[in-house]
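Structure assessment
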Amino acid sequence: HGAFLDVTVFSDDIRIVEVSDYRVEQSLKIATELGVKGVVFHTNYIANFVQKSYCDSWVERNFIYWSKKLEKYSNLDIYIENMFDIEPFLLEKLAKKLSIYKNFGVCFDYAHAHVFGDENKVDEWVKSLHPYVKHIHINDNDFKEDLHLPLGEGCINWDIFKKYYEQYFSEASVLLELRG
C-alpha cells in the first residue's frame with residue numbers, strides 16, 4: 001500500500017500537490033527497491049462533493065498525474081483503490097482513460113463498496129469496474145464502519161462475492177486486509 005492519508009494529487013493548491021507527489025514518489029521508490037509487483041493508492045476525492053466541475057477536474061488531473069507515474073514506473077503495477085467513494089462512476093471514468101497503460105489497474109476494495117457505497121448496489125460496482133480490476137482487497141464489516149474484520153464476522157455475503165469473483169475477477173490477485 002502506498003501513502004494514502006492526505007494524498008491529494010488533484011488539488012487546486014500546488015503545495016498540496018507537491019507534498020502529495022513527494023509521498024507518492026516515496027512509496028513508488030520504496031516499492032521499486034523492495035521489488036514488489038504493485039502499489040495501491042486511494043482515490044481520495046470528496047465523495048459527497050458532486051459538482052460537475054469538481055468531478056471533471058478530478059478525472060482529468062488524476063489522468064495526467066497517474067499517466068506520468070505509469071510511464072516513469074513502467075516496471076511496477078499501480079492500482080487505484082475505491083475508498084470513501086459512494087458510487088463507482090468516477091473511478092470507472094478514470095480507469096477507462098488509464099487502461100491504455102499495461103501497468104495500471106483498479107484495486108477493488110469490496111468491503112469499501114459495502115460500507116461507503118450502498119450495500120444493495122454492489123452489483124453496479126462489480127459490473128462497472130470489472131474490466132479494470134487487477135487486484136482486490138477483502139475483509140468484512142457491519143455496513144457502517146470500515147472494520148477490517150475477518151471474513152464471516154460481519155454482514156457481507158461472501159457467497160455472492162465468490163460468484164462475482166468467478167464470473168468477473170478470476171484473474172485478479174486478492175489480499176485479505178485485516179486488522180489485528
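Residues numbered from 1 in each chain as written. Predicted model: local features only at pLDDT ≥ 70, side-chain atom pairs only at ≥ 80, totals over all residues. Heavy atoms only, no water.

Re the pairing of strand β1 (residues 38-42)
For β1, the tally of buried residues reaches four of five residues, placing the bulk of the element in the interior. One ladder, built from five bridges, connects β1 with strand β2 (residues 77-81); its direction is parallel. Considered in β2, the bridge of Val-39 is made with Ile-78. Note on the crossover from β1 through helix α2 (residues 52-72) to β2: the handedness is right-handed. (Buried < 20%, exposed > 50% of the residue type's maximum accessible area, 1.4 Å probe, protein only. Helix = DSSP H or I, 4+ residues; strand = E, 2+ residues; numbered from the N terminus. Pairing = 2+ DSSP bridges. Right-handed = clockwise from strand over helix to strand, strands pointing away.)

Some words on the side chain of Ser-27
Structurally, Ser-27 can be placed in helix α1 (residues 14-34). When its relative accessible area of 13% is taken as the criterion, Ser-27 is described as buried. Filtering out sequence-adjacent residues up to four positions away, Ser-27 remains in contact with Gly-2, Ala-3 and Phe-41. (Contact = heavy atoms within 4.5 Å.)

What to know about helix α5 (residues 122-129)
Of all the residues in α5, the buried ones are Val-122, Trp-125, Val-126, Ser-128 and Leu-129. Next to the buried residues of α5 lie α3 (89-98), β3 (104-109), α4 (110-115), β4 (133-138) and α6 (158-168).

A few points about the packing of aromatic side chains
Overall, the coordinates contain 17 aromatic pairs when judged by the stated rule. Measuring from ring centre to ring centre gives 6.1 Å for Phe-10 and Trp-58, while their planes differ by 65°; the resulting arrangement is edge-to-face. With a gap of 48 residues between them, Phe-10 in the segment before α1 and Trp-58 in helix α2 connect regions that are remote in the sequence. Of the two residues examined, Phe-10 and Trp-58, each falls in the buried class. With 4.9 Å between their ring centres and 80° between their planes, Phe-84 and Phe-116 make a pair best called edge-to-face. (Phe/Tyr/Trp six-rings, centres within 6.5 Å; stacked < 30°, edge-to-face > 60°.)

Examining α2
Across its 21 residues, α2 extends 30 Å between first and last C-alpha, which sits within 8% of the 30 Å expected from 1.5 Å per residue. Of all the positions in α2, only Tyr-54, Cys-55, Trp-58, Val-59, Asn-62, Phe-63, Tyr-65, Trp-66, Ser-67, Lys-69 and Leu-70 are classed as buried. Turning to α2, the residues buried within the fold contact α1, β1, β2, α3 and β3. (Expected span 1.5 Å × (residues − 1).)

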